Amino acid sequence: MAACLILCASSVWAASPAGSPGAADLAPGWQALDTASSQPVPQTPGNSAPATDDASPAETDATDPPADAEAADDRFAPITEGKSFDIRIEAPDDIAKFVERYLELKRYQKVSDISLPELRDLLALSETQIRQLLGTRGLFTPVITQQLEEAPADGSALPQVVITIDPGQQAQVSSVDLQFSGPVTDYAPAQSQLAQARDLWTLQEGEGFTQDAWSKSKSQTLRGLQAERFPTARLDSSRAEIDPDHSTAKLQALYVSGPLYRYGPLTIEGTQRYDPVIIERLAQVRTGEDYRQQDLLEAQERLLDSGYYDSAIVTLDTRPESDPDNAPVNVSVREARLKKLVLGVGFSTDRGPRTSVDFTHNKDPLLGLRSVSRLQLDQKLQAFSSNLMSIPDEKLWRWTGGVNVVREDLDDRIQRTEQLKFGRAKAGRSIDRSYYLQYDHSKTTYETGDPVSAQALSGHYTWTYRRFNSTTRPTGGFGIGLEAGAGMTVQPTQEPFGRLVGRYLGFLSLDRPIGQAFSEALPSGSQIKAAAVGDAPAIADAPLVVAPTAETYARRRNGELVVRLDAGGVFARDGLVIPHNLMFLAGGNATVRGYGYQELGVTNAEGYTDPGRFLLAGSLEYRRPWLRDGEPTDFDIVTFVDAGTVANKASELSKVKVGVGAGMLWNSPVGPVQAALAYGVDAKQFRLHLNLGFNF
């Protein structure tokens, strides 16, 4: 009969060294304590210590180094400057590195007065620990031999411990039995959630058993239950039945969903300066609806993004005395200061050094509105803007109005623009929308000749859809921006015109299967339709781009292709004078690198560069992580090709200017910082370009 071991969630095992994988779960031998039932397996080279279970939703990361490894060394004294003995591990490379990383025996290398008999005793304990470590990888039948080679009499070398490991066959999962109980099994709206929770179990039949995959599957499935309707769901019991003779693992887990929770009243703490109705509207939590963890996260994001609060915590009251069918939603905030002044300095390769002053008043004394004003000065651009915003309504729309005054020095001309806006805007987690009336007045003064002035009144609608996997350091996903407008020129003549602008930015991961990478980098028709009409449920049901973690960043090897496209057009009678800020220029960091800031335009009769009516620009950039000792660092190697053109007729957009270059990108804690040297093929010169942060 095959010897086997049953690993239960309620088992209590003797602890292995702190910091090693599954330290709280593994035992020196097959002996299980408390409620675990087992058939003991003799400790022979053909048998192994058990891998175990953990009922906690927290994952065990078998690759992380011991958190206290450095501190633990200090417990041994006296300490030598070097080592008292050497260790050599003979095993497959991945096994040798893994065992060496966590081997407890290494700590004793710094004990100066260790004797050979003591070292032999340590070897017995070392074999037990090695079996425990291999067990976390599903290796339950390793052959381990340890040999102590004494130091030569002349003292030319240290004693050496030679550890030889034949890991044997990894245990394969032979069956998976997932069981669920509670309202989740018979509540019709939760059936798709139940199916998704099952899909989140990643350790399937035929796969190799590891402690990490076992713990990860259990915690992911539990989180799938807790994410919607059942926040108090728990893993009631679980076990892995290991058969070392046949290298198989039978897995079983029982989840209890707990009661179905629905939203009750909103309770608010921390408001003093600002009307609590702001929180009620931004929370968007409706009494009687089923609980969704994402609802509370989005409510928290909206509160923080509003500018009224420095911190916000939104939680569901799941205490035993709370009624699950009418559970209170608790909102605790720390309000932002009424006034805020921010001074800034910076540098751009397009416009040189700059300074800025930002002033925010969250409750204007005249109208009670939120006002945001900004003054920016640099070598080429001087700008002032001020905007007023009402508090959002029940559907998160708010009234906005503002003024913008800009002066730009574009080498051969000076362009001045005054702009007034009034309209409505709605900022969402994935979609921003706005519609507004706009007045524009521009005046362009050339080095010689008469200035050109123009005025226009127009209406615009803008729509932005973002689906990146990170707001600061994306490696997948896409963004789309659209703007449509129409209006009348006011001066020098009164004639109609139209304006369309579109842009796209996508990240195509080369570390994912090509089909998955394309599906993440390109929007589907259903996504565009749902986003265009504001169908929030349809967008929420669409497959999400998986957010990167420290682990996924560490797995980057091939990097990403970054694709950017920009297109725009102004449609009007030939010769109609339109404010220059409604038309297009290209060149510089944001469009075509290798050329100067706003250098690409249309040459007028006097030889000056004017904005054009049509824009077409694109970029293909390859980012590959810089590897050190085979592991990715925080730096990427970047190569790119940019191309773009500006024209007054669509037929002339074929005259494309090209820039090529390479550089480095540092993934800093505050976002990507890129430095690149670009060569303008038509300009026949090199330019340095610096970019900080990510924004779409």
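See the structure printed just above.
All figures in this text were calculated on a predicted structure; none of them were measured in a lab.

**Q** Account for the overall build of the protein chain, with residues named and values stated.
**A** Scanning the protein chain for helices and strands turns up 11 helices and 30 strands. The buried share among the 696 residues of the protein chain stands at 46%. Once local pairs closer than 6 in sequence are excluded, the contacts in the protein chain between residues at least 24 apart make up 63%.

**Q** If you had to explain the packing of helix 2 (residues 93-102) against helix 3 (residues 116-135) to someone new, which residues and values would you point to?
**A** At their nearest, the axes of helix 2 and helix 3 sit 10 Å apart, and the two run at 125° to each other. One way to sum up the angle between helix 2 and helix 3 is to call them oblique. Viewed along their axes, helix 2 and helix 3 form a crossing whose handedness is right-handed. Of helix 3, the residues touching helix 2 (which contributes I95, F98, V99 and Y102) are Q129, I130, L133 and L134. By residue class, the composition of the contact of helix 2 with helix 3 is seven nonpolar, one polar and no charged.

**Q** So what's going on with unusual backbone geometry? Residues and values would help.
**A** With an omega of 20°, the peptide bond between Q491 and P492 qualifies as cis. Within the secondary structure layout, P492 lies in the loop between strand 21 (477-491) and strand 22 (496-509).

**Q** Could you give an account of the sheet that holds strand 5 (residues 143-149), with specific residues and numbers?
**A** With mixed pairing, three strands are arranged side by side in an open sheet as 4-6-5. The sheet is open, and its two borders are formed by strand 4 (86-90) and strand 5, each paired with just one other strand. Shown here is a sheet whose adjacent strand axes are inclined to one another by a mean of 15°, direction ignored. As judged from the seven bridges shared by strand 5 and strand 6 (residues 160-166), these two strands associate in the antiparallel manner. Within strand 6, the residue paired with T145 across the bridge is T164. Helix 3 contacts strand 5 and strand 6 of the sheet and is inclined by roughly 160° relative to strand 5.

**Q** Describe the nonpolar core, with residues and values.
**A** Counting residues in hydrophobic clusters, the biggest one holds 26 residues, and the most contacted among them are W201, F209, L251 and Y255. At the level of secondary structure, the elements contributing two or more residues to this core comprise strand 7 (172-181), helix 4 (191-199), helix 5 (211-226), strand 8 (234-243) and strand 9 (248-256). Looking at which element gives the most residues to this core, the answer is strand 9, with four residues. Here L251 is in contact with V173, S175, V176, D177, W201, L203, F209, W214, R239 and A240, once residues within four sequence places are set aside. Y102, L119, I130 and L139 belong to the second largest nonpolar core, which has 23 residues in total.

**Q** Any chance you could break down helix 8 (residues 514-521) for me, citing the residues and the numbers?
**A** Within helix 8, the full set of buried residues consists of A517, E520 and A521. When helix 8 is viewed along its axis, its buried side chains cluster within an angular range of 90° and face the same direction. Packed against the buried residues of helix 8 are strand 21 and strand 22.

**Q** Provide a residue-level description of the sheet that holds strand 12 (residues 327-335), including the pertinent values.
**A** If you trace the three strands from one edge of the open sheet to the other, you get 10-12-11, paired in mixed fashion. Looking at strand neighbours, the two that pair on one side only are strand 10 (263-269) and strand 11 (309-316), the edges of this open sheet. Taking each pair of neighbouring strands and ignoring which way they run, the sheet shows an average axis angle of 20°. In this structure, strand 10 lies alongside strand 12, joined through five bridges in parallel fashion.

**Q** Outline the layout of surface pockets, supporting the account with residue identities and numerical values.
**A** Quantified by volume, the second largest pocket comes out at close to 470 Å³. Lining the second largest pocket we find 23 residues, and of these V577, H580, N604, D610 and N648 sit closest to its centre. Residues that form the lining of the second largest pocket fall into these classes: 10 nonpolar, seven polar and six charged.

**Q** Could you give an account of the packing of aromatic side chains, with specific residues and numbers?
**A** Using the criterion set out here, one finds 22 aromatic pairs in the structure. Judged by centre distance (6.2 Å) and plane angle (35°), the ring pair of F140 and F209 falls under tilted. In this pair, F140 is assigned in the loop between helix 3 and strand 5 and F209 in the loop between helix 4 and helix 5, connecting sequence segments 69 residues apart. Taken as a pair, F140 and F209 share a single burial class, namely buried. A centroid spacing of 5.0 Å and a plane angle of 85° characterise the contact between F468 and F694, whose relative ring orientation is edge-to-face. Separated by 226 residues along the polypeptide, F468 in strand 20 (residues 452-468) and F694 in the segment after strand 30 (685-692) bring together distant segments of the chain. On the basis of relative accessibility, which here comes to 15%, the residue F468 falls in the buried class. Taken together, the ring pairs connect F140, W201, F209 and W214 into an aromatic cluster. Here the guanidinium or amino end of R137 rests over the ring plane of F98, the centre of that ring lying 4.0 Å away. Cation over ring: R593 sits above F640, and NZ or CZ is 3.7 Å from the ring centre.

**Q** Let's hear about the pairing of strand 29 (residues 671-680): which residues, and what values?
**A** Bridge analysis of strand 28 (residues 657-668) against strand 29 gives 10 bridges, and the strand direction is antiparallel. If you follow M664 over to strand 29, its bridge partner there is A675. By the bridge criterion, eight bridges tie strand 29 to strand 30 in an arrangement that is antiparallel. Looking at the pairing, L677 lines up with L688 of strand 30. Counting the residues in the hairpin turn of strand 29 and strand 30 gives four residues, including K684, whose phi is positive at 55°.

Conventions adopted
Residues numbered from 1 in each chain as written. Predicted model: local features only at pLDDT ≥ 70, side-chain atom pairs only at ≥ 80, totals over all residues. Heavy atoms only, no water. Helix = DSSP H or I, 4+ residues; strand = E, 2+ residues; numbered from the N terminus. Buried < 20%, exposed > 50% of the residue type's maximum accessible area, 1.4 Å probe, protein only. Contact = heavy atoms within 4.5 Å. Axes fitted to C-alpha atoms, helices over the stretch in contact; angles between N-to-C directions. Parallel < 35°, antiparallel > 145°, perpendicular 65-115°, else oblique. Left-handed = near helix turned anticlockwise from the far one by under 90°. Nonpolar A, V, L, I, M, F, W, Y, C, P; charged D, E, K, R; others polar. Pairing = 2+ DSSP bridges. Core = buried A, V, L, I, M, F, W, Y, C linked by side-chain atoms within 4.5 Å. Arc of directions from axis to C-beta. 1 Å grid on protein atoms, 1.4 Å probe; cavity = no way out; pocket = protein on both sides within 12 Å on 5 of 7 lines; lining within 4 Å. Points joined across faces, edges and corners; volume = space filled by probe spheres on them. Phe/Tyr/Trp six-rings, centres within 6.5 Å; stacked < 30°, edge-to-face > 60°. Lys NZ or Arg CZ within 6 Å of the ring centre and 35° of its normal.

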